[in-house]
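# Topology and contacts: notes
Here's the letter readout for the chains.
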Amino acid sequence: LSFNIKEINNYPVEITQENKEIQFFIGMMAFKSIIAYVLFIFFTLRRKYSLSTALLSTSIWLLFYSSPMVYGTYLMSEHFVGLFASIASFAILFKPLNVRNIFIAGIMMAAALLVKQSALVFFPAFVYLISRDDNKWKNFLIFGGAVLGFVAVNFLVILLFGSIEDARYWLFQFPKEY
């Protein structure tokens, strides 16, 4: 029995220098996501509130939302869902409600949905936000088309590369066992 074998989710994984570099890369990616999210929250709050309110709110968010697992070797996908959903809401709330911004919001929500399916929780709020305009149905079609188009392209890539079994495992089987 080798001491360089580690079991992760019942799969034997050999600990190599390459694996350590990948773990470091994933940790840095998550750290960058948190930094981007913190800056995004701060500047969004700063547009509407005072500097002290924005700093206090961002600090509280960082204190409660940051996870020690991010700084280790685990990747918490909630950070990415939050980042994409925040960008989508920014495009709809703080920008004019036009085709471009609704499309960007749809792409960002599709990205959040592809990161973690629990992003579906945000969809009723987005339906409400894009229905504020007189062109409700046009807005729904643009937003839905962007979401479905982005998700369809992702699944087309999965099909073309022949990794449908891997996708099925990670999308359905692994979350059930988690």
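Calculation notes
- Residues numbered from 1 in each chain as written.
- Predicted model: local features only at pLDDT ≥ 70, side-chain atom pairs only at ≥ 80, totals over all residues.
- Heavy atoms only, no water.
- Patch = residues over 30% accessible without salt bridge, like charges linked within 9 Å, V, L, I, M, F, W, Y side chains within 5 Å.
- Areas by Shrake-Rupley, 256 points an atom, 1.4 Å probe, with all protein chains shown as cover.
- Salt bridge = Lys/Arg side-chain N within 4 Å of Asp/Glu carboxyl O.
- Helix = DSSP H or I, 4+ residues; strand = E, 2+ residues; numbered from the N terminus.
- Buried < 20%, exposed > 50% of the residue type's maximum accessible area, 1.4 Å probe, protein only.
- pLDDT = per-residue confidence, 0-100.
- Contact = heavy atoms within 4.5 Å.
- Axes fitted to C-alpha atoms, helices over the stretch in contact; angles between N-to-C directions.
- Parallel < 35°, antiparallel > 145°, perpendicular 65-115°, else oblique.
- Left-handed = near helix turned anticlockwise from the far one by under 90°.
- Nonpolar A, V, L, I, M, F, W, Y, C, P; charged D, E, K, R; others polar.
- Phe/Tyr/Trp six-rings, centres within 6.5 Å; stacked < 30°, edge-to-face > 60°.

### Notes on a nonpolar patch on the surface
- A cluster of nonpolar side chains, Met28, Phe31, Ile35, Leu39 and Phe43, forms an exposed patch at the surface whose accessible area comes to about 440 Å².
- Tracing the sequence through the fold places phenylalanine 43 in helix α1 (residues 17-48).
- Take phenylalanine 43: its relative accessible area is 52%, and that puts it in the exposed class.

### Describing the confidence of the model for the protein
- Of all residues in the protein, 76% have pLDDT values of 70 or greater, and the mean over the chain is 79.
- By mean pLDDT, strand β1 (residues 5-8) is the weakest element of the protein at 48, and helix α4 (residues 99-115) is the strongest at 93.
- Note that pLDDT drops below 50 for residues 1-9; the model gives that stretch 13 contacts with residues more than four away or on any other chain.

### Things to note about the environment of phenylalanine 150
- Note on placement: phenylalanine 150 falls in helix α6 (residues 136-160).
- Considered as a pair, phenylalanine 150 and methionine 109 are 41 residues apart in the sequence and their alpha carbons are 9.5 Å apart.
- Leaving out residues up to four positions away in the same chain, phenylalanine 150 has contacts with Ile107, Ala110, Ala111 and Leu114.

### A closer look at the packing of helix α3 (residues 78-93) against helix α5 (residues 123-130)
- Two elements in contact, α3 and α5, have axes whose closest approach is 10 Å; the angle formed by their N-to-C orientations is 15°. One way to sum up the angle between α3 and α5 is to call them roughly parallel. α5 is crossed by α3, and the crossing has left-handed handedness. In contact with Ala85, Ala88, Ser89, Ile92 and Leu93 of α3, α5 contributes Phe126, Leu129 and Ile130.
- Taken together, the residues of the contact of α3 with α5 break down into seven nonpolar, one polar and no charged.

### Quick word on the packing of aromatic side chains
- The tally for this structure, following the rule as stated, stands at six aromatic pairs.
- Taken together, a centroid distance of 5.2 Å and an interplanar angle of 70° make the contact between phenylalanine 42 and phenylalanine 43 edge-to-face.
- Overall, phenylalanine 42 belongs to the buried group, its relative accessible area being 15%.
- Here the aromatic rings of phenylalanine 126 and phenylalanine 143 are separated by 5.8 Å at their centres, their planes lie at 15°, and the arrangement is stacked. Linking phenylalanine 126 in helix α5 with phenylalanine 143 in helix α6, this pair joins segments that are 17 residues apart in sequence.
- In textbook terms, an aromatic cluster arises when at least three aromatic residues are bridged by ring pairs, as seen for Phe40, Phe90 and Phe94.

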